[in-house]
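# Breakdown of the fold
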Amino acid sequence: MSSTDYLSSLQELHFDNRYTRDLPADPISENYTRQVADICYSPVEPLKTPNPSLVSYSQDAADLLNLSSQTCEANEFLQTFSGNQLLDDMNPYATRYGGHQFGNWAGQLGDGRAINLGEISNQTGERWALQLKGSGPTPYSRRADGLAVLRSSVREYLCSEAMHYLGVPTTRALSLMTTGNKVVRDMFYDGNPQEELGAVVCRLAPSFTRFGHFQIHGSRGETDLLKQLIDFTIVNDFPHLGEPSAETYLAWYQEICDTTAEMIVQWMRVGFVHGVMNTDNMSILGLTIDYGPYGWLEDFDPTWTPNTTDAEGKRYCFGNQPEIAQWNLAQLGNALMPIIDNLEAVQNAYDSYQYRFQSRWREMMSEKLGFDNLNTETDPQLFDQLLSLLTEAETDMTIFFRNLAKVEVENTDFLTQDCEIPAELMDSYYQQEQLNDEYKGKLFFWLNAYQQRIKQDSSSAEQRSQKMDSVNPKYVLRNYLAQLAIDKAELGDNSMVNELLELLRNPYDEQPEQEQFAEKRPEWARVKAGCSMLSCSS
């Protein structure tokens, strides 16, 4: 973006605030926790912070708002996106929604620690909603304080941007600031609360509307309001579908099923585990939203969940994510039935999710292995054999797929006993003693089958490697790297937050000077808090 495209100040942001303009507001202006009925949002302002400090900002996200680095480093930016001042056209509010949490209906939830500042239209006509997370209580905060701490805010900020650069649909993060407040949190809910540094993240999205926004109206019998919100969403977020109508409603639900399937495919491609796939954490736009106790698969374990709350049930583990997404879509479909009133059509759209996910997942796996095209007759078996193999020895998912592109598969004879595992793949194993003759035999059997499959394609070895490198990242936000950045930031050193942000802007590039960030999880991180398991506490 050229300097002439940038705004001269934040005051030039063009707010249209359609949400508060077109949807019904809470008539009660006082900000206290309560049950709210027959409205979509409550007006509320962020808390003032005593001593805000800029930790980091994403210039790529700032470009979406036409903001220059000079603007982002100015005091006006600091005061605005820490919650200390409102721009003239801002109309802050918290939205009302419900949701299923861990499979159970939780009733009213809402923006408990997020305050929307308003929606802007940028110079290219894109709409972006601005939201502060950790900026104080709202009527939907329940028993909480509406604040956030630095450790969780660093994770949200970095992962929002990292997922974007990986090509995964996601909300974005504009800025991360400390507030000067101390916030008390019990990190693992074990009776050991501590004071932590408070922080605020400014998040961006075309819309923050969730499945739960529709569920709350459906559950309370607010049919007129449900229809009003559906129509508003279609007009503003799905204009390509046309004016709201019976046919449009069905096309809209179908698109939600499709984009949700695509999002989950991309999670599985890069080894991302959301950790809290409640229906209130599902975006109507198919965006990854709410980076709480998420994690990245390091050793490939489909049963792994990063969430301590889910440690026993593993409802939201890596391997369950496709099925949970479909379950959530069913809950959304149920909520929409008073308006759509066509069970068979909704069921058909819901059923299509599984077909679309499986189809796209197979295409994705074909790309990860560098094939020219998917062979539906033989490739699925090859995929299943590989994923089973990855669970038999503790194998780093990211390194294995990235380094497989370096193995000269075409020119190597893989025997069951008499040759060594390729050095490139050895880098991906955590426990060398697990690489016994039985495992090696299975690996070589698969590599031979992979070799034969590659011979069916016309691509050269170099072309195959390039294709694989374009979908298999070298750098992801490994759990221990995020924790190291948090440890430094809590001591006032923000350098690693910004170093990781820059690193993760190019996750598919080699970046030879940053090789240390592509290494396996160190042994000390196996059980360290923040590196292995996390809670919802933030």
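Residues numbered from 1 in each chain as written. Predicted model: local features only at pLDDT ≥ 70, side-chain atom pairs only at ≥ 80, totals over all residues. Heavy atoms only, no water.

Moving on, we come to the overall build of the protein. Along the backbone of the protein there are 17 helices and twelve strands. Here the C-alpha atoms of the protein give a radius of gyration of 24 Å, agreeing with the 24 Å that 2.2 N^0.38 yields for 538 residues. Along the first, second and third principal axes, the C-alpha set of the protein runs to 75 × 55 × 55 Å. In the protein, which comprises 538 residues, the proportion classed as buried is 59%. Surface summary for the protein: the accessible area is close to 20900 Å², and the carbon and sulfur share equals 48%. Positive and negative side-chain charges in the protein, numbering 42 and 77 respectively, have mean positions lying 3 Å apart. (Helix = DSSP H or I, 4+ residues; strand = E, 2+ residues; numbered from the N terminus. Rg over C-alpha atoms; globule rule 2.2 N^0.38 Å. Buried < 20%, exposed > 50% of the residue type's maximum accessible area, 1.4 Å probe, protein only. Areas by Shrake-Rupley, 256 points an atom, 1.4 Å probe, with all protein chains shown as cover. Lys, Arg positive; Asp, Glu negative; His and termini not counted. Charge placed at Lys NZ, Arg CZ, Asp CG, Glu CD.)

With that settled, consider the packing of helix H6 (residues 211-219) against helix H9 (residues 321-340). Two elements in contact, H6 and H9, have axes separated by 8 Å at closest approach and are oriented at 40°. With respect to H9, the element H6 is oriented oblique. Our pair here, H6 against H9, has a crossing hand that is left-handed. In this structure, H6 uses Phe211, Phe214, Gln215 and Gly218 to contact H9, whose residues at the interface are Asn328, Leu329, Gln331, Leu332, Ala335 and Leu336. Of the residues belonging to the contact of H6 with H9, the class tally is six nonpolar, four polar and no charged. (Axes fitted to C-alpha atoms, helices over the stretch in contact; angles between N-to-C directions. Parallel < 35°, antiparallel > 145°, perpendicular 65-115°, else oblique. Left-handed = near helix turned anticlockwise from the far one by under 90°. Contact = heavy atoms within 4.5 Å. Nonpolar A, V, L, I, M, F, W, Y, C, P; charged D, E, K, R; others polar.)

In this section: the pairing of strand E10 (residues 194-205). For E10, the tally of buried residues reaches nine of twelve residues, placing the bulk of the element in the interior. Inspection of the sheet shows strand E8 (residues 148-149) paired to E10 by two bridges, in the antiparallel sense. Bridge assignment links valine 149 to a residue of E10, and that residue is glycine 198. Pairing between strand E9 (residues 172-185) and E10: ten bridges, direction antiparallel. (Pairing = 2+ DSSP bridges.)

It is worth spelling out the pattern of salt bridges at this point. Throughout the structure, instances matching the rule amount to 35 salt bridges. The shortest N-O distance in the salt bridge between arginine 210 and aspartate 290 comes to 2.5 Å. Here arginine 210 is found in the loop between E10 and H6, whereas its partner aspartate 290 is found in the loop between strand E11 (272-273) and strand E12 (295-296), with 80 residues between them in sequence. Both residues of the pair, arginine 210 and aspartate 290, belong to the buried class. For the salt bridge of aspartate 457 with arginine 453, the shortest nitrogen-to-oxygen distance reads 3.1 Å. Here the two residues aspartate 457 and arginine 453 agree in accessibility, since each one is buried. A cluster of three or more residues bridged by salt bridges with shared partners is formed by Lys133, Glu156, Arg203, Arg210 and Asp290. (Salt bridge = Lys/Arg side-chain N within 4 Å of Asp/Glu carboxyl O.)

Under the definition given, this model contains zero disulfides. Looking at cysteine 202, it has no disulfide partner, and the nearest cysteine sulfur is the one in cysteine 72, 10 Å off. Using a relative accessible area of 0% as the deciding quantity, one classes cysteine 202 as buried. Free of any disulfide, cysteine 531 has its nearest cysteine sulfur in cysteine 159, 15 Å distant. (Disulfide = S-S within 2.5 Å.)

Bridge analysis of strand E4 (residues 98-101) against strand E5 (residues 104-108) gives three bridges, and the strand direction is antiparallel. Bridging from a neighbouring strand, glycine 98 pairs with glutamine 108 of E5. Between the end of E4 and the start of E5, which pair antiparallel, lie two residues, with phenylalanine 102 showing a positive phi angle near 55°.

By size, the foremost hydrophobic cluster in this structure holds 124 residues, and its most contacted members are Trp296, Tyr450 and Leu500. It is helix H8 (residues 246-270) that provides the largest number of residues to this core, a total of twelve residues. Dropping the residues within four chain positions of it, tryptophan 296 is found in contact with Cys159, Met163, Leu166, Val270, Gly271, Phe272, Trp304, Val476, Leu477, Arg478 and Asn479. (Core = buried A, V, L, I, M, F, W, Y, C linked by side-chain atoms within 4.5 Å.)

This part is about the packing of aromatic side chains. According to the stated counting rule, one finds 22 aromatic pairs in the structure shown. Three or more aromatic residues joined by ring pairs form one cluster here, namely Trp267, Phe272, Tyr291, Tyr294 and Trp296. One residue, arginine 315, lies across the ring of tryptophan 327, its end atom 4.8 Å from the ring centre. Lying across the ring of tyrosine 430, arginine 521 places its NZ or CZ 4.4 Å from the centre. (Phe/Tyr/Trp six-rings, centres within 6.5 Å; stacked < 30°, edge-to-face > 60°. Lys NZ or Arg CZ within 6 Å of the ring centre and 35° of its normal.)

This part is about the environment of aspartate 60. Topologically, aspartate 60 is positioned in helix H2 (residues 59-64). For aspartate 60, a relative accessible area of 24% translates into the label partly exposed. Separated by 53 residues in the primary sequence, aspartate 60 and leucine 7 have C-alpha atoms spaced 15 Å apart. Setting aside residues no more than four positions away along its own chain, aspartate 60 makes contact with Tyr165, Arg172 and Arg505.

Our focus in this paragraph is the environment of threonine 95. Here threonine 95 shows up in strand E3 (residues 93-95). Overall, threonine 95 belongs to the buried group, its relative accessible area being 5%. C-alpha of threonine 95 to C-alpha of phenylalanine 208: the two residues are 113 residues apart in sequence and 9.4 Å apart in space. Side chain to side chain, threonine 95 and aspartate 111 meet in a polar contact 2.6 Å long. (Polar contact = N/O pair within 3.5 Å; in protein donor to acceptor, adjacent residues only side chain to side chain.)

Taking 1.5 Å of rise per residue, the 20 residues of H9 would be expected to cover 28 Å, and the 27 Å separating its terminal C-alpha atoms lies within 8% of that figure. At asparagine 334, H9 shows its largest kink, close to 30°, and the proline proline 338 lies no more than four residues downstream. Burial of H9 is extensive: 16 of the 20 residues sit out of reach of the surface. Directly after H9, the chain includes aspartate 341, whose backbone phi takes a positive value near 55°. (Expected span 1.5 Å × (residues − 1). Bend = angle between axes of the 7 residues up to and from the residue.)

By themselves these figures say nothing about function.
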